[in-house]
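Summary of structural features
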Amino acid sequence: MNPDEKEDCECAPPQADISPEGGADRQHDETEVDNPEASRMKRAAAKHLIERYYHQLTEGCGNELCSNSWCASSSGFRRMDNNAAAVKALELYKVNAKLCDPHPSKKGTASVYLENSPCSNTKMNHKEVHSVRDNFKDVNYLTEEKVYEILDICCENEDYSPLIRVIGRVFSSAEVLVQSFRRSNPHTKEELKSLQEKDEDKDEDEKEAAACSTTAMEEDSSCSSSRLGEGSSGDNAVQKLAPDEVTVDIEAVRRVYERLLSNEKIEAAFLNALVYLSPNVECDLTYHNVYSRDPNYLNLFVIVMENSNLHSPEYLEIALPQFCKAMSKLPLAAQAKLSRLWAHYSAEHIRRMVETFQQLITYKVISNEFNSRNLVNDDDSVVAATKCLKIIYYANVLGGDLDREHNEDEEEEPNPESSELTLQELFGEERRNKKGPRVDPLETELSIRTTDCRRPLIPFEEFVNEPLNEVLEMDKDYTFFKVETENKFSFMTCPFILNAVTKNLGLYYDNRIRMYSERRITVLYSLVQGQQLNPYLRLKVRRDHIIDDALVRLEMIAMENPADLKKQLYVEFEGEQGVDEGGVSKEFFQLVVEEIFNPDIGMFTYDELTKLFWFNPSSFENEGQYTLIGIVLGLAIYNNCILDVHFPMVVYRKLMGKKGTFRDLADANPILHQSLKELLGYTGSVEEDMMITFQISQTDLFGNPLMYDLRENGDKIPVTNENRKEFVAQYAEYMLNKSVEKQFKAFRRGFHMVTNESPLKYLFRPEEIELLICGSRNLDFLALEDTTEYDGGYNRDSRIIKEFWETLHSFGEEQKRLFLQFTTGTDRAPVGGLGKLKMIIAKNGPDTDRLPTSHTCFNVLLLPEYNSKEKLRERLLKAITYAKGFGML
């Protein structure tokens, strides 16, 4: 052992380090008792000594060869938690135990600590301090200043190995990393004053010193699970923080990363440290419940996620997957805190974190061959990255433009319990989710819904991972979603990562399972009760009286047994021979929608400017009629049919539980929205120049004006510059909510009769609901050509096929819609566009004068092999123009 090390290790009784001015003598002196200054110095000395004992017990002196049995640096020392260390420090103070040279405190290096100490020897061994700074073995946590200090020394010596070793040691240890880059929280004046008002006797000195030790312990509350000890509680030692606050100095961390990551060798140190860190963190969170005992454990995730190089190729193979697995083990409360914290980040930082996890998911999907036997659901890295992405997703929602108010009143008559057998019951298990639709636990913890966000920090589309959607086996994923097994992950629990096509497929499986369940239970009832029940929702209608027949039948079913609405729909047109395998239902919905939304009926109003329908507030129809329309809309989704419905987006937001606001008027009534917007921005005197009151007027079906007071005696309350915001809000509230309240509630009630147990709300956002009901407005016939299949002797290179596509591409927009209506039963593209429509063109004999025909149930076009392009065009146009009704070929 060299002399320097021996000197470092040397332990001495406390008196040796205390000057006479500090009042080191612990025997009471009556003169000192009478002297307030001496008493103050005595208390300060006691406080400092106990703080030094506490730091010695928790951090050690920094010398690995230390022989002091009460020093944390000693090889035989048993670790203790903060509470035990505080008590032990008091005991050591009483018995004058050995005290090592002080370890560097939170406020700087050893030199700073000693210089600021009121009871230390002011003489410094500068050679010793220089040696410590060269070796940096005493650095047990990092601050921004310490990093720059080490970096400057490394730059002077042109040797970065000391900094690399420090980064490797700090960033590979959860215990040390948690303590690093802390925000400074100095004592308040009130706390210091309370310490000075203690009594002067020894008992009071010891109480005061214990309080000081506890305060020091609060400042250093970032111990890891190894320091917390079994059965200890770290909550008492944790500073009270806001739900979205951590003790990390995030800006300092960013500055450090920005300065260090430009050096490749130093960057490699971060990478290697993360590889060592992640498995230990995963173990701590899985088995030691470390976060509940030390919430500051979250600091290490905040620090690591600030690394802007996490998405680089070097991290994708090992480091980032392991870190994601560790992060996915965070308890719900910790995930919620991260979401709240990251909600304050800029869109740029949110996007960087999203790209980090998305890149890992894409890399794993592309580098593996996933199929029905090798499911992507079983890849731990992809699953963990998706769970981490969920935390960022809700941060994106929380940080966006939120509207947590304006919620629709859900207190309605409960829908009758469905007789449906769930998948669990089919497997002999108990029924789950009896209390309503599924809600994400993190969403509940944050008290937020996706529909509360009007505009997120970054678009929701950036969370969708297309490569994942392509390899996802949705039938298997739906099974995992429904059964809710702990060892099988379902991506349907993270719907933000799925595109509308994939989610629609999941909804399709859910609807089909319910249909089969209803069919099965109907058969069981038939066997038990001995009466023949219909396993289908059968509607027999006359084409000329479709509204009367359909709505009357649906009304009877809704009153007698609403569960029948969840059976598979089977439509039969009276006097026609068509068998419903889906195509007849499509035409049924198309005809019903055309009739219902006919302005002559008066249930809906039509805006020529926006081409949209809205509920007629002065309609003569009763609420039951609107309920039946809601049932029709729900049945269309339930039976996977697309409707030609044109509602403003606010209708779908209201169906999802959000009321309409002024912002929704931009879509529903743009002229009114523009007028109110100009009112809000008017710079003159609103009262004198516009002379508006809180009374508005509307017209009924016959053009008669109807007056409505937005406030009591509204005709006597002028709109002023001060109350114009209230006027605009009340105006929008009346137009979008109050004026159509009865009509919309009835409409929503009917819609929920069919969809109340569906994962519709859980999976889809309002704009996706519109896409689900109305299909895509973009008709890409080139995509349809690419995906069309051929049968009966035709292929892509057949003459008639080439002429067919040339003819179809030459049609106008209206003729193309007629062709879609003729072939598929609807003139709208499905979710995902025409490329998702599996159309088949089959040969229907040689040249003939017969018209082309179709099986709309299966999207099959039967096309004779006409001998000329002109004849093909003429026959095809006639077929699509005059097609109506079903018959047997």
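Residues numbered from 1 in each chain as written. Predicted model: local features only at pLDDT ≥ 70, side-chain atom pairs only at ≥ 80, totals over all residues. Heavy atoms only, no water.

Description of unusual backbone geometry
- Even without being a glycine, Phe-181 presents a positive backbone phi close to 55°.
- The topology assignment puts Phe-181 in the loop between α9 (174–179) and α10 (189–196).
- Non-glycine residue Asn-713 carries a positive phi angle of around 55°.
- Among the secondary structure elements, Asn-713 is positioned in the loop between β8 (705–709) and α34 (724–738). (Helix = DSSP H or I, 4+ residues; strand = E, 2+ residues; numbered from the N terminus.)

Some points on a nonpolar patch on the surface
- On the surface, Val-523, Leu-524, Leu-527 and Val-528 cluster together into a nonpolar patch covering about 420 Å² of accessible area.
- Residue position: Val-528 is located in helix α26 (residues 500–529). (Patch = residues over 30% accessible without salt bridge, like charges linked within 9 Å, V, L, I, M, F, W, Y side chains within 5 Å. Areas by Shrake-Rupley, 256 points an atom, 1.4 Å probe, with all protein chains shown as cover. Salt bridge = Lys/Arg side-chain N within 4 Å of Asp/Glu carboxyl O.)

Focus: helix α29 (residues 623–638)
- End to end, α29 covers 22 Å across 16 residues, agreeing with the expected 22 Å (1.5 Å per residue, within 8%).
- Burial analysis of α29 places 13 of its 16 residues in the buried class, which makes it a mostly covered element.
- Asn-640 sits one or two positions beyond α29 and adopts a positive phi of about 60°. (Expected span 1.5 Å × (residues − 1). Buried < 20%, exposed > 50% of the residue type's maximum accessible area, 1.4 Å probe, protein only.)

Here we look at the confidence of the model for the protein
- Across the protein, the average pLDDT comes to 79, with 79% of residues at or above 70.
- Scored below 50 in pLDDT, residues 1–33 shows 53 contacts in the model against residues more than four places distant or in partner chains. (pLDDT = per-residue confidence, 0-100. Contact = heavy atoms within 4.5 Å.)

With respect to the environment of Asp-791
- Looking at the secondary structure, you find Asp-791 in strand β9 (residues 789–791).
- Ignoring anything within four residues of it in the chain, the contact list for Asp-791 reads Ile-840, Ile-841, Ala-842 and Lys-843.

Some words on the packing of aromatic side chains
- Taken as a whole, this structure holds 35 aromatic pairs when the rule is applied.
- The interplanar angle of 40° and the centroid separation of 5.9 Å between the aromatic rings of Phe-481 and Tyr-762 together place this pair among those described as tilted. Here Phe-481, found in helix α25 (residues 474–483), pairs with Tyr-762, found in helix α36 (residues 760–763); they are 281 residues apart in sequence, far enough to count as distant.
- Under the relative-accessibility criterion, Phe-481 is labelled buried at 4%.
- Seen from the ring of Tyr-345, Arg-254 lies directly overhead, with NZ or CZ sitting 4.6 Å from the centre.
- Over the ring of Phe-694 we find Arg-711; its NZ or CZ atom is 5.1 Å from the centre of that ring. (Phe/Tyr/Trp six-rings, centres within 6.5 Å; stacked < 30°, edge-to-face > 60°. Lys NZ or Arg CZ within 6 Å of the ring centre and 35° of its normal.)

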